[in-house]
Every structure is written in structure tokens, then in C-alpha cells.
Amino acid sequence: TARYSSRKRRLMIVGAPGHDSDLGGKPDAGAAYVFERVAGAWVERQELTAGAGEAANAFFGDSVAIDGNRAVVGAYGAEAAYVFDLSGAWTLSQTLTATGGAGGDRFGCSVSVAHDTIAVGASYADAPAAADAGALYVFQPVGSFWAQVARYQDTAATAANEHLGASVAAGA
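Just so it is clear, the structure is predicted and the values come from calculations on it, not from any experiment.

## Details of the overall build of the protein chain
Now for step 1: A tally of helices and strands in the protein chain yields zero helices and 12 strands.
Now for step 2: The helix and strand sequence of the protein chain, counted from the amino end, reads β-β-β-β-β-β-β-β-β-β-β-β.
Now for step 3: Whereas a compact globule of 172 residues would reach a radius of gyration of roughly 16 Å, the protein chain reaches 16 Å, a difference of no more than 12%.
Now for step 4: If one aligns the C-alpha atoms of the protein chain with their principal axes, the spans along those axes are about 55 × 40 × 30 Å.
Now for step 5: The contacts of the protein chain with a sequence gap of at least 6 include a subset with a gap of at least 24, amounting to 47%.
Now for step 6: With an accessible surface of roughly 8000 Å², the protein chain has 50% of that area assigned to carbon and sulfur atoms.
Now for step 7: Averaging the locations of the 11 positively and 17 negatively charged side chains of the protein chain gives two centres separated by 12 Å.

Printed below as a string of C-alpha cells:
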């Protein structure tokens, strides 16, 4: 999965969810790579990982999004999305998790970022009457942190496996 940002800098982020961890060899911990367009060529600038939070089968990088100096990387195996900000180097600023979610929801299977909004899909979240109906979580800045401001789900879903949130896109 790759995403491109056309703002001031020409940046691209590419996920590698099957990457084995460089910290202890955890299989499928995952990684993401940021590239910048320089003089007509794409140059790798930095490898992003969950750092100390790396876990086997996290699949970090299965979903990626970038907007200006902010990148979001999903890791549905860890039920998380990671927010990175560029300030000289890309640094992990916050790990997002779902309020009201459950293990196995695949929170982080899809991510999108547009200015002050981050959307995260959880395509296996159960609805009251349907297994794996899926859900969408929306985060916005509150002070200096990202806070979950909404959770959307088809609560009227009666058929299993709708997988709402399997893909998301937010626009500025």
C-alpha cells in the first residue's frame, strides 16, 4: 500500500506489513517507508516502525496515509494506528486505539488523514445484531493529543460480514 502527499514537499509512504522486526526478529511486525521526490527521483528518507511497541503479527504498515508533515500507519494485528509527525525526522507522536472496540476488530485495517482529521477502519467490529459488520473511528486534535470524537457503525446491520471501514478516505 502506498500513499502520496502533494503538499509543499513531495512525499510518499509505503507499507511493508510482512517486514520482520529488526528488534528481536518478531515475524510480521511490519514497517513503513517514507520517500521524498528529489531531482526527479524517489529517495527513501526513513523507515517507520512501532518502535518499542513492536509485536509479532502486528502487520504495521498494512494501511498507510500521509498529509503534509503527518503520516498515519495502521497495524490491525495490534489493533492500533500510529501517528507520526515530521520535525526534522519522522517521530511517533501518538498511538491511537479504539474506545468501544474489542480484540479482533482489526482496528487499523485502513487509515486516512486530512489536515485535522484521522479516520481509522475496524472492518471486523461486531454490530449489535451482526458479526463483523465493521466500524469507522474518527480522531481530531484536542489540545496536543488526538482524541476519538466519533464511532460510526451500521447499527441496523442484520447480515454478518459487511466489513464497514475496510477502506477509508478523508479529504481536506
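## Some points on the sheet that holds strand β10 (residues 117-122)
Now for step 1: The antiparallel open sheet is built from four strands, whose spatial order is β9-β10-β11-β12. What marks the edges here is a single partner per strand, and that holds for β9 (107-114) and β12 (145-152). Each neighbouring strand pair of the sheet contributes to a mean axis angle of 25 degrees, computed without reference to strand direction.
Now for step 2: Where β9 lies against β10, six bridges are found, and the strand directions are antiparallel. Each bridged residue has a counterpart across the sheet, and for F107 the counterpart in β10 is A122.

## Observations regarding the pairing of strand β8 (residues 89-96)
Now for step 1: Sheet topology note: the strand β7 (residues 80-87)/β8 ladder contains seven bridges and is antiparallel. Residue pairing for β8: F84 is matched across the bridge by L92.
Now for step 2: Hairpin geometry of β7 and β8 is characterised by an intervening segment of one residue between the two adjacent antiparallel strands and by a positive phi of about 85 degrees at G88.

## A look at the nonpolar core
Now for step 1: Ranked by size, the top nonpolar core spans 18 residues in total, and within it I13, L48, F60, V73, F84 and W90 carry the most contacts.
Now for step 2: Broken down by element, this core gets its largest block of residues, four residues, from β7.
Now for step 3: The contacts of W90, once residues within four sequence positions are left out, are L11, V34, Q46, L48, I66, G68, N69, R70, A71, F84 and D85.

## With respect to the environment of A166
Now for step 1: Looking at the secondary structure, you find A166 in the segment after β12.
Now for step 2: For A166, a relative accessible area of 46% puts it in the partly exposed group.
Now for step 3: For A166 and D105, which are 61 residues apart along the polypeptide, the C-alpha to C-alpha distance reads 11 Å.
Now for step 4: Leave out the neighbours within four places in its chain, and A166 touches C109, S110 and S123.

Conventions we followed
Residue indices begin from 1 for each chain and proceed along its sequence in written order. Under the rules for a predicted model, residues below a pLDDT of 70 receive no local features and side-chain atom pairs below 80 are neither given nor counted, while totals for whole chains, interfaces and linings still include all residues. The basis for the side-chain values is all heavy atoms of the structure; hydrogens and waters are excluded. The secondary structure listing takes helices from DSSP runs of H or I that are at least 4 residues long and strands from runs of E that are at least 2 residues long, numbered from the N terminus. Atoms counted for the radius of gyration: C-alpha only. Globule rule: 2.2 Å times the number of residues to the power 0.38. In what follows, residue pairs with any heavy atoms lying within 4.5 Å of each other are defined as contacts. Surface exposure here means Shrake-Rupley accessible area, sampled with a 1.4 Å probe, where a residue is shielded only by the protein chains that are shown. The convention is simple: Lys and Arg are positive, Asp and Glu are negative, and His and the chain ends are not counted. To locate a charge, take NZ of a lysine, CZ of an arginine, CG of an aspartate or CD of a glutamate. Paired strands are those between which DSSP finds at least two bridges. For helices, the fitted axis covers only the stretch in contact; all axes are lines through C-alpha atoms, and the angles between them, taken along N-to-C directions, range from 0 to 180 degrees. Note on terminology: a nonpolar core comprises buried Ala, Val, Leu, Ile, Met, Phe, Trp, Tyr and Cys residues joined through side-chain atoms within 4.5 Å. Accessibility here uses a 1.4 Å probe with only protein chains present; expressed as a share of the type maximum, an area under 20% marks a residue as buried, one over 50% as exposed, and anything in between as partly exposed.

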